[in-house]
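Chain and residue survey
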Amino acid sequence: MTPALTIVGLAKRYQNGADALQGVDLEVGRGEFFAILGPNGAGKSTLINIVAQVVTKSSGHVTVFGLSIDKHPQRTRMLLGFTPQEIALDPFFSVREVLRHHSGYYGITDNRAWIDELLERLDLAPHADKNSKALSGGMRRRLTIAKALAHKPRLLILDEPTAGVDVALRHSLWAFVRELHRNGTTIILTTHYIEEAQELAERVAILRAGQVAACDRTNALLASFGYRRFAIELRAAVPFPAGFASGSTEAQGRRIVGEFAVGRGQEFFSWLGGIADKVVDLRIDQPRLEDVFLHLTGKQT
Amino acid sequence: MNWYGNWALFRRECQRFLRVWLQTLGAPLISAMLYFAIFGAALGQRIGDAGHGFSYLQFLVPGLAAMGIIQHAFQNTSSSLIQMKYLGMLQADLLALPLNPAQIVLAFTAAAMVRGALVGIGILAISRLFVEFTIADPPLLIGSALIMAAIFGLVGLLTGIWAKNFDQVALVGNFILTPMVYLGGVFFANSMLPAGWQKAPLLNPIFYLVDLFRRGLLGAGQTPPEGALIAVSLVMAALFIVAMLLFRLGWRLKS
C-alpha cells in the first residue's frame, strides 16, 4: 500500500537566501499519527506548507497517497486538510457560512450534517451564527481546524493546533483528533507541547536546521535515549560530580539536579554510593520526549 | 474537474460585496445622481449638442455607467485579493484549495462582472429618471459591458496579485485608472476637444470600451465597432492568460 505521504530530498531556499529545508526525506504511512518537532526556524512549517502547496519547493519530490503534487496538484489538495499556523478567517461571514463555503470549494454541495457534527465536536455550536470576527482566539483556532476537516480529508495536517487553546478544550480537541485517527485518518501535527506529541504520536520526526535529526517510533526514541535525569536531596553540601554527569547544585550544594549518560552509569552509582550517608531523597526519571528533543536540538542544560 | 468548487468561490466573491452593498452598490448610484445634478441642472444646458443629435446628458449616461462598471469591477477583485493578503487568508482560503489557476481567475472575474453589471444597470436605471433614452443595440450594450467588467476585473486581480498593501492598490486606482477613465470619453466627445487634441483619446484603451458601450446604448459612436470589439476581446483573453500564469507561478502569492 502506498504511504499517505512520501517526501524525498526536499529542499527549500527562500528568496532572501535562507535555507529552510536541506534535503528532507520522510515517509508517513496510512493511518499513522505522526508528529514533527523542532525548535523555531527548524523548517516545520515550511515542510507542512510545501505539502499543502501554499509554499513552493526548491527541489525534491512530494507524493500524497502515491500522487505527485507536481503532476496532480488538485487531486492531492483534495486529499488533505490543512490548518496553517497563523489563524486567518474571512471577516465577512459567520462560523457556519465559513464552513459552508469551505465545503463548497471541495465540491460538496450539501454538508449540513457534517458541519453540525464538527460544530458540536469542536465546541463551536453555540457560536455557529456569530461573525468570525467576534470569536475568541481559541474559538478561531478551532474554526480553522473545522475548516480543514470540512471535506473529511484522508490526511489531516495540523500546524500548532493547540497554540492559544485552553487546557480543557485542548483535551476535547485531542479526543476528537484521536477519534478521527481511529477511523482511519492519517494525522500529521507539529506542536510546541512536546508532551502532547509523546502522548499522541506513534512516530516522531525531529527537525533541526532544515534536516531530519531523528525519525523513529516514539517508544523507540525514548528507549534508545542514553541519558537519565536525576535529582538528589542531601543532608549536607556535596560538590557536583565531575565527568559523567551534567547539571547543577542548588540550595547551597544540598540539592543536585542533572543527568548522567546511561553508558557511564557505573561511575554515577559508585559516586552515589560514596555519598549515600548524606542522601535524603533520590529520584531518577524515565526519559521524556522533551529530553530527546533537547539533546538532538542541542539545547540541553 | 471540481466545477462546484469553482461555483463556491464565485459565490463567496459575490456574497462578499453583497454583504456591504451600501458601499459596493449604493455608493456608485449616489455619485451617479450627483453627476446628473451637476451636469443636468447646472452645466448641461450650456454644453449643448454632443454630436449625432444627442444632448449632452444623453451622451453622459453611458459614460457614467461605463465608469461605474470599470471602477467597481476593478475594486471587487483588487480589494478582495489585497484583503486576503492583509488578513493572511491566502494560504488556507485560496492557495490550498483544490482549484486550478484558470478556475480561480474565472471565479474572481465572474464575480467582478456581476458587481460591474449590477452597478451598470443601477446607473442606467437612475439615469432614466433624468434623461430620455432607449437602448439601441441590447446585445452590443450587454456584450461590451461584460467585456469591460471582465477586463477591469482582471486588471484588479493583477493589481491585487502585484500589490503588497492597500496603498499600492489605491495608487493604481488613483494615478492610473481614474485619469484614464476621466480622459477616456466618459465626459466628452473627441469633437469637443481643441483641434490638436482630438486624436489623443485614441491612444487610451478605455476610450474604445466606453465608445463601444455608448454605441450599444445610443446607436452611434466615434470609432468603427468591429475592430474595437476584436481588440478588446483579445485584451481580455490576454489578461486572463497572464493572471492564470501568475497564479500557476505563485508570483507574489507563494513564498
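Since this is a predicted model, take the numbers as computed values, not measurements. (Residues numbered from 1 in each chain as written. Chains lettered and ligands numbered in written order. Predicted model: local features only at pLDDT ≥ 70, side-chain atom pairs only at ≥ 80, totals over all residues. Heavy atoms only, no water.)

So, on to the overall build of chain A. Scanning chain A for helices and strands turns up ten helices and 14 strands. Counting contacts in chain A only where the partners sit at least 6 residues apart, residues at least 24 apart contribute 67% of the total. When the accessible surface of chain A is split by element, carbon and sulfur atoms take 49% of a total near 13,300 Å². Separation between the mean location of the 36 positive side-chain charges and that of the 32 negative ones in chain A comes to 3 Å. (Helix = DSSP H or I, 4+ residues; strand = E, 2+ residues; numbered from the N terminus. Contact = heavy atoms within 4.5 Å. Areas by Shrake-Rupley, 256 points an atom, 1.4 Å probe, with all protein chains shown as cover. Lys, Arg positive; Asp, Glu negative; His and termini not counted. Charge placed at Lys NZ, Arg CZ, Asp CG, Glu CD.)

Facing 27 residues of chain B, the contacting portion of chain A comprises 30 residues. A buried area of about 2,700 Å², summed over both sides, lies between chain B and chain A, and 57% of it is on carbon and sulfur atoms. Inspection of the region where chain B meets chain A yields three salt bridges. The closest approach of N and O atoms between Asp90(A) and Arg16(B), which form a salt bridge, is 3.0 Å. At nine residues, the largest contribution of residues to the side of chain B that touches chain A is made by helix 1 (residues 3-19) of chain B. Here the residues of the side of chain B that touches chain A are counted per class, giving 13 nonpolar, eight polar and six charged. (Buried area = accessible area lost by both parts, 1.4 Å probe. Salt bridge = Lys/Arg side-chain N within 4 Å of Asp/Glu carboxyl O. Nonpolar A, V, L, I, M, F, W, Y, C, P; charged D, E, K, R; others polar.)

With that out of the way, let us pick up the side chain of Lys254(B). Among the secondary structure elements, Lys254(B) is positioned in the segment after helix 9 (225-249). Asp70(A) provides the closest opposite charge to the buried, salt-bridge-free Lys254(B), at an N-O distance of 8.8 Å. Among the polar contacts listed, one links the side chain of Lys254(B) to the backbone oxygen of Gln53(A), at a separation of 3.2 Å. Not counting the four nearest positions on each side in its chain, Lys254(B) is found in contact with Gln53(A), Val54(A), Val55(A), Thr56(A), Arg77(A) and Leu95(B). (Buried < 20%, exposed > 50% of the residue type's maximum accessible area, 1.4 Å probe, protein only. Polar contact = N/O pair within 3.5 Å; in protein donor to acceptor, adjacent residues only side chain to side chain.)

So, about unusual backbone geometry. All names here are of chain A. Despite not being glycine, Phe 65 has its phi angle at roughly 50 degrees, a positive value. If you trace the backbone, Phe 65 turns up in the loop between strand 4 (59-64) and strand 5 (67-68). Given a relative accessible area of 10%, Phe 65 falls into the buried group.

A separate point is the pattern of salt bridges. Applying the stated criterion across every chain yields a total of 22 salt bridges over all chains. With its nearest N and O atoms 2.9 Å apart, the salt bridge here joins Glu250(A) to Arg255(A). A relative accessible area of 34% places Glu250(A) in the partly exposed class. Of the residues examined, Arg255(A) reaches a relative accessible area of 25% and is grouped as partly exposed. For Glu13(B), the salt bridge is made with Arg16(B), and the minimal N-O distance between the two is 3.7 Å. In this pair, Glu13(B) and Arg16(B) are both assigned in helix 1, three residues apart and thus about one turn of the helix distant. Like Arg16(B), Glu13(B) is buried.

Residues and elements named next belong to chain A. Per the domain assignment, the segments making up chain A are domain 1 (5-222) and domain 2 (226-296). Between the C-alpha centres of domain 1 and domain 2 there is a distance of 39 Å. With 15 residues of domain 1 at the contact, the number on the domain 2 side is seven residues. Taking both partners together, domain 1 and domain 2 bury about 960 Å²; carbon and sulfur atoms supply 76% of that area. The interface formed by domain 1 and domain 2 contains zero salt bridges. Between the two partners, domain 1 and domain 2, sit two residue pairs in polar contact (both at pLDDT 80 or more). For the side of domain 1 that touches domain 2, the secondary-structure elements that each account for two or more residues are helix 7 (194-200), strand 9 (203-208), strand 10 (211-217) and helix 8 (218-223). (Domains from an automatic or database assignment.)

Residues and elements named next belong to chain A. By the criterion of burial, strand 3 (residues 33-37) is predominantly enclosed, with five of the five residues buried. Here strand 3 shows a buried face lined by Phe 33, Ala 35 and Leu 37 and a second buried face lined by Phe 34 and Ile 36. Examined bridge by bridge, strand 3 and strand 8 (residues 186-190) share four bridges and lie parallel to one another. From the neighbouring strand, Ile 36 faces strand 8, where its bridge partner is Thr 190. Bridge count between strand 3 and strand 9: four bridges; the pairing is parallel. Bridging across to strand 9, Ile 36 finds its partner in Ala 205. (Pairing = 2+ DSSP bridges.)

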